[in-house]
Amino acid sequence: MESFWKWHVIPENLPFFAGGFRLTLTIFVLAWVGCWVFAVIFGAMRHSSRPWLRYPAAAVVEIIRGTPGLMFVVWVYFLSQPLIGYALSPFWAAVWALIIHQGAYAAEVVRAGLNSVPRGQVAAGYSTGLGYVEVMGWIVLPQALRNMAPAVVNRSVALFKNTSLAFVIGVIEFFRAGTIVNGRENASFSVFTFIAAVYFVCCFSLSRLGNRLGQRPGVIEDTTAV
Amino acid sequence: MADAVLSRTAAARAARRWQWFETPRERRAFLLVWGGLAALVVWYFFFGPRAQYDYNWRWSIVWQYRRFLLWGVGTTLYIFAWSLVFSLVLGIFCGIGRTTNVRWVRALSVGYVEIFRNIPLLVQMWWAYFGLQQVVNAVINDPLGLRILIPSTFACILALSLYTGAYMGEVVRSGIRSIPRGQWEAATSTGLSRAQTWRHVVLPQALVIVIPPMASEVLNIIKNSAIAMTIAITDLMFYSQKIEEETFAGFEAYTAGTLLFLLLTLLAVGAIYLVQWLLGLKVRSAG
């Protein structure tokens, strides 16, 4: 009889897990930065009153939001072949896919944040003689960022969870490190419980931070199960 | 400057509602931005570094393997339907549990939501498939000499329902919270019991309020079901990969799969709008 209680495999393979976790963190940081750059551009375009900026941005964001993250990661990986002539490395394919896919969700957060500032304030700003940059920098952004803060943290939690999708194209990040260890040790219960626990600790502490930021009226909530 | 302010007034906007551009400068900006992007793409495909390579487009493969894609759509819909039922039930009970005064029910619901929302669905699915199987082996199969195998469909629907149920619980909770306190007090003062208040006053209102955010969670079930491919569910994602394995036409196969997923999501959006219209509600975006 073989026990499922094999916790000894965790300390034995700890350096391997640590390597995977470091890669997960690298993907997370790179994708986080890129995702918010994407989000600010497309969120601002969707918030604009000009139809020639608004509609193309809306189409891009809605199409990306309508496709599964896993599909998107694989798709970007294979897209690179016809587009640039050679396959992107799995690592960069995963980073780009996460930037674009999560960026589309993040763009909705940015748009909601910009929408949370009443248009009258913008008009008032223009009528006192401020230009676009001044109105955005001094009137809209300070208020929008404060309302967005909890949603930004929630999005970051979602991005952290979604880094595990990189597993499917062969990036040896934390989850794939776990599946490799499991393949060798046949300790799926212990290994996957350990992985779940680590992800839980990271995401839970992040989302606590978000809850602390979100204890006032008027903030934007982002509870999308992606 | 004054001109710009005037053009922003509501009357000015109403007068020019059907005009794409408010000023000639905007038309120039439009042509510069989108024309520039289009020119860049055209240049890239004909003269860029890619032009030296010759990618062999084989879109006919998608039509040849249409059966695979249809089977995949069938499995995806099957998983979607069961997960939808279970996660709705879980979500409603969890939402009620989070708003009751009974402390242990509330603690249980909070624990459930926090645990399942903060672990990637991929990990949950693998835990439910591989991890659970090992427990079943050690606890039931080996002592009793049985050979019970957890079906991957069961593991997938279990994980997907628990994951989405946690998110739906949050949505239902915020719906229940939005019912004013006065309604509770009014129901109590007319002599309704606690259960009757839930059944006749709170839930009928709360469940209507939550339809738009709930709709977006429903769409997420379709999208998240792609992850089931990793535990060998033969869904749309799985068959896209199978086409790629058989023909090496990866880009074509995955593009077809992506578009079919998009189609499913759009059909679901349509169905949700239909439900809202049938219920006589104001149709709102269900992104």
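Residues numbered from 1 in each chain as written. Chains lettered and ligands numbered in written order. Predicted model: local features only at pLDDT ≥ 70, side-chain atom pairs only at ≥ 80, totals over all residues.

**Considering the overall build of chain A**
So the rule is basically this: Only runs of H or I of at least four residues qualify as helices and only runs of E of at least two qualify as strands under DSSP, and these elements are numbered from the N terminus. Residue burial is a threshold on neighbouring C-beta atoms within 10 Å of the residue's own C-beta, all placed from the backbone, with 20 or more meaning buried, 12 or fewer meaning exposed, and counts in between meaning partly exposed. Here contacts are defined at the residue level, using C-beta atoms placed from the backbone and a cut-off of 7 Å between them.
Helix and strand content of chain A: 9 helices and 0 strands. In chain A, the succession of helices and strands from N to C terminus is α-α-α-α-α-α-α-α-α. With respect to the principal axes defined by its C-alpha atoms, chain A has extents near 80 × 45 × 25 Å. The proportion of buried residues among the 226 residues of chain A is 48%. In chain A, the proportion of contacts linking residues at least 24 apart, taken out of those at least 6 apart, comes to 80%.

**As for the overall build of chain B**
On a plain count of helices and strands, chain B comes out with 13 helices and 0 strands. Going from N to C terminus, chain B has its helices and strands arranged as α-α-α-α-α-α-α-α-α-α-α-α-α. Across the 287 residues of chain B, 36% fall into the buried class. Here the contacts in chain B between residues at least 6 apart in sequence split such that 74% fall between residues at least 24 apart.

**Describing the nonpolar core**
To be explicit about the condition: Residues enter a nonpolar core if they are buried, belong to Ala, Val, Leu, Ile, Met, Phe, Trp, Tyr or Cys, and are joined to the set through C-beta atoms within 7 Å.
Counting 134 residues, the largest nonpolar core has Cys35, Val73, Val74 and Ala94 of chain A together with Val123, Met125 and Ala159 of chain B as its most contacted members. When residues no more than four places from it in sequence are discounted, the contact partners of valine 123 of chain B are Ser164, Phe175, Phe192, Ile195, Ala196 and Tyr199 of chain A.

**Brief notes about the interface of chain B and chain A**
Rules: Side-chain classes follow a simple rule in which Ala, Val, Leu, Ile, Met, Phe, Trp, Tyr, Cys and Pro form the nonpolar group, Asp, Glu, Lys and Arg form the charged group, and the remainder, Gly included, forms the polar group.
Opposite the 53 residues of chain B that make contact, chain A presents 50 residues. Looking at the side of chain B that touches chain A, the elements that each hand over two or more residues are α1 (2-8), α3 (24-47), α6 (103-117), α7 (121-144), α8 (152-177), α11 (211-224) and α13 (250-278) of chain B. Split by residue class, the side of chain B that touches chain A holds 30 nonpolar, 15 polar and 8 charged.

**Some points on the packing of α7 of chain B against α8 of chain B**
Residues and elements named next belong to chain B. To keep things clear, this is the line we draw: Fitted lines through C-alpha atoms serve as axes, helices being fitted only where they are in contact, and the angles separating the N-to-C directions of these axes extend from 0 to 180 degrees. Orientation categories follow fixed angle ranges, with anything under 35 degrees roughly parallel, anything over 145 roughly antiparallel, 65 to 115 roughly perpendicular, and all other angles oblique. In this scheme the crossing of two helices becomes right-handed for a clockwise turn of the near helix relative to the far one and left-handed for an anticlockwise turn of less than a right angle.
Running from N to C, α7 and α8 cross one another at 140 degrees; their axes reach a closest spacing of 9 Å. With respect to their mutual orientation, α7 and α8 come out oblique. Handedness of the crossing formed by α7 with α8: right-handed. Where α7 approaches α8, its residues Leu121, Gln124, Met125, Ala128, Tyr129 and Leu132 are matched on the opposing element by Ser152, Ala155, Cys156, Leu158, Ala159, Leu162 and Tyr163. Split into classes, the residues belonging to the contact of α7 with α8 amount to 11 nonpolar, 2 polar and no charged.

**Description of unusual backbone geometry**
Positive phi is not limited to glycine here, since asparagine 186 of chain A has a value of about 50 degrees. Residue placement: asparagine 186 of chain A occurs in the loop between α8 (174-185) and α9 (188-213). We classify asparagine 186 of chain A as partly exposed; it has 14 C-beta atoms within 10 Å. Its identity as a non-glycine residue notwithstanding, phenylalanine 248 of chain B has a phi of 60 degrees, on the positive side. When you line up the elements, phenylalanine 248 of chain B lands in the loop between α12 (236-247) and α13.

**Details of α7 of chain B**
Rule in force here: Expected span, for any helix, means 1.5 Å times one less than how many residues it has.
End to end, α7 of chain B covers 32 Å across 24 residues, agreeing with the expected 34 Å (1.5 Å per residue, within 8%). Taken from the residues just after α7 of chain B, glycine 145 of chain B is the one with a positive phi, measuring 70 degrees.

**A word on the confidence of the model for chain B**
Close reading of the predicted structure is inappropriate where its pLDDT is low. Residues and elements named next belong to chain B. Counted only if it meets this: Every residue carries a pLDDT, the predictor's confidence in it, which falls somewhere between 0 and 100.
In the predicted model, chain B carries a mean pLDDT of 86, and 89% of its residues have values of at least 70. Taken as a whole, residues 283-287 scores under 50 in pLDDT and shows 12 contacts with residues more than four places along the chain or in a different chain. Across the interfaces of the predicted complex, the ipTM metric reaches 0.90, alongside a pTM of 0.87.

**Some points on α8 of chain B**
Compared with an ideal rise of 1.5 Å per residue, which puts 26 residues at 38 Å, α8 of chain B spans 37 Å between its outermost C-alpha atoms and is within 8% of the ideal. With 21 of 26 residues buried, α8 of chain B is to be regarded as a mostly interior element.

**Structural notes on the confidence of the model for chain A**
In this model, chain A carries a mean pLDDT of 89, and residues with pLDDT of at least 70 account for 96%. Taken element by element, chain A is modelled with least confidence in helix α4 (residues 69-84) of chain A, mean pLDDT 85, and with most confidence in helix α2 (residues 14-47) of chain A, mean pLDDT 95.

**Observations regarding the environment of tryptophan 198 of chain B**
Along the chain, the position of tryptophan 198 of chain B falls in helix α10 (residues 194-209). Along the primary structure tryptophan 198 of chain B and isoleucine 176 of chain B are separated by 22 residues, whereas in three dimensions their C-alpha atoms are 9.8 Å apart.

**As for the packing of helix α5 (residues 90-115) of chain A against helix α7 (residues 132-162) of chain A**
Residues and elements named next belong to chain A. Between α5 and α7, the shortest axis-to-axis distance is 8 Å and the interhelical angle comes to 155 degrees. On the basis of their axis angle, the class for α5 and α7 is roughly antiparallel. Note on packing geometry: the crossing formed by α5 with α7 is right-handed. Contacts from Leu98, Gln102, Tyr105, Ala106, Val109, Gly113 and Leu114 in α5 reach Val140, Ala144, Leu145, Asn147, Met148, Ala151, Val152, Arg155, Ala158, Leu159 and Asn162 in α7. Taken together, the residues that form the contact of α5 with α7 break down as 13 nonpolar, 4 polar and 1 charged.

**Points about the environment of tyrosine 44 of chain B**
Residues and elements named next belong to chain B. Among the structural elements, tyrosine 44 can be located in helix α3. The class of tyrosine 44 is partly exposed, set by 14 C-beta atoms lying within 10 Å. Along the backbone, tyrosine 44 and threonine 190 are 146 residues apart, and their C-alpha atoms lie at a distance of 73 Å.

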